[in-house]
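Each chain, written out:
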Amino acid sequence: MTAPTILVVEDEEDIRDIVAFNLRQAGFRVLETGDGRGALHLARSRQPDLVVLDLLLPDLDGREVCRRLREDQATRHLPVLMLTALASEGDRVVGFELGADDYLTKPFSPRELVLRVRAILRRTRQAHSEPVVVGELSIDPERHRVEVAGQEVALTATEFRLLHHLAAHAGRVQSREVLLERVWGYSYQGYARTVDTHVRRLRKKLGPLAGYIETVRGVGYRLREPA
Ligand code: CA
């Protein structure tokens, strides 16, 4: 499995550097931005596994960023760890009401931040190990088992991750770049064809359900949700 990607949104460079450094030391991949619009853009385009989001940003504040992430299909389930200089109980409640998964008050220790990030990812991953069922397709990550209309189908590890990613994001277009990053663990434009090759093989194995994987021309692929 590839290292989870954490998006760090913090306008104070010193704090951002410390947070990014410590997350990298802990083995995470890190994306960084100093404002809310950059955060929304990166969250959509790069699909990180978690966002560390500062409350006070120069453009949109953290609450607004959080609200917009929750409104958008592509980022609705993205876990958010909110950072704030405000420690009052009222702010805490507001943070959670807006969909932050956890809350850390400045000044915080980098070690504490890494622990919180790990804990949130662990909870999210547990949710991800639940079986995914889309129409006649069922995927059980725990048992690494895929069934097409009740019949087990043998997939390679990569095909499995690809199908699981598409199914977990059913109804939403996944670009080749995002698939490369999330399924293969790297982004390399020249290898976009790798995705196409695997999708072709996957469709063949899905047999009667091959049509579940739709090609979205010029973008990527989408697992359609049967009506
Ligand atoms: Ca700030």
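Please refer to the structure higher up on the page.
Note that the coordinates shown come from a computational prediction; the quantities given were computed from them, not determined experimentally.

Bringing the packing of helix H2 (residues 36-46) against helix H3 (residues 62-71) into the picture now. Direction vectors running N to C along H2 and H3 enclose 25°, while the axes themselves pass 10 Å from each other. Taken together, the axes of H2 and H3 lie roughly parallel to each other. Seen along the crossing, H2 lies across H3 with a hand that is right-handed. Of H3, the residues touching H2 (which contributes Gly36, Arg37, Ala39, Leu40 and Ala43) are Val65, Arg68 and Leu69. For the contact of H2 with H3, the class distribution of residues is 5 nonpolar, 1 polar and 2 charged.

Let us now look at unusual backbone geometry. A cis geometry characterises the amide bond from Lys106 onward to Pro107, with omega recorded as -5°. Position of Pro107 relative to the elements: it lies in the loop between strand E5 (102-105) and helix H5 (110-128). A positive phi angle is found at His144, which is not glycine, with a value near 55°. A relative accessible area of 41% means that His144 is categorised as partly exposed.

Let's shift gears to the packing of helix H6 (residues 157-168) against helix H8 (residues 192-206). Put simply, H6 and H8 touch, their axes get as near as 10 Å, and they point 85° apart. Considering the angle they form, H6 stands roughly perpendicular to H8. Contacts between H6 and H8 involve Thr158, Glu159, Leu162 and Leu163 from the former and His198, Val199, Arg201, Leu202, Lys205 and Leu206 from the latter. Grouping the constituent residues of the contact of H6 with H8 by class yields 5 nonpolar, 2 polar and 3 charged.

Read across the sheet, 4 strands follow the order E6-E7-E8-E9 without closing on themselves; strand pairing throughout is antiparallel. Each of the sheet's edge strands pairs with one partner strand only, and the pair in question is strand E6 (132-134) and strand E9 (151-153). On average, each strand axis in the sheet is tilted by 20° relative to the strand beside it, whichever way the strands run. Looking at chain direction, strand E7 (residues 137-140) and strand E8 (residues 145-148) are connected through 4 bridges and run antiparallel.

Rules of the game
- Residues numbered from 1 in each chain as written.
- Predicted model: local features only at pLDDT ≥ 70, side-chain atom pairs only at ≥ 80, totals over all residues.
- Heavy atoms only, no water.
- Axes fitted to C-alpha atoms, helices over the stretch in contact; angles between N-to-C directions.
- Helix = DSSP H or I, 4+ residues; strand = E, 2+ residues; numbered from the N terminus.
- Parallel < 35°, antiparallel > 145°, perpendicular 65-115°, else oblique.
- Left-handed = near helix turned anticlockwise from the far one by under 90°.
- Contact = heavy atoms within 4.5 Å.
- Nonpolar A, V, L, I, M, F, W, Y, C, P; charged D, E, K, R; others polar.
- Buried < 20%, exposed > 50% of the residue type's maximum accessible area, 1.4 Å probe, protein only.
- Pairing = 2+ DSSP bridges.

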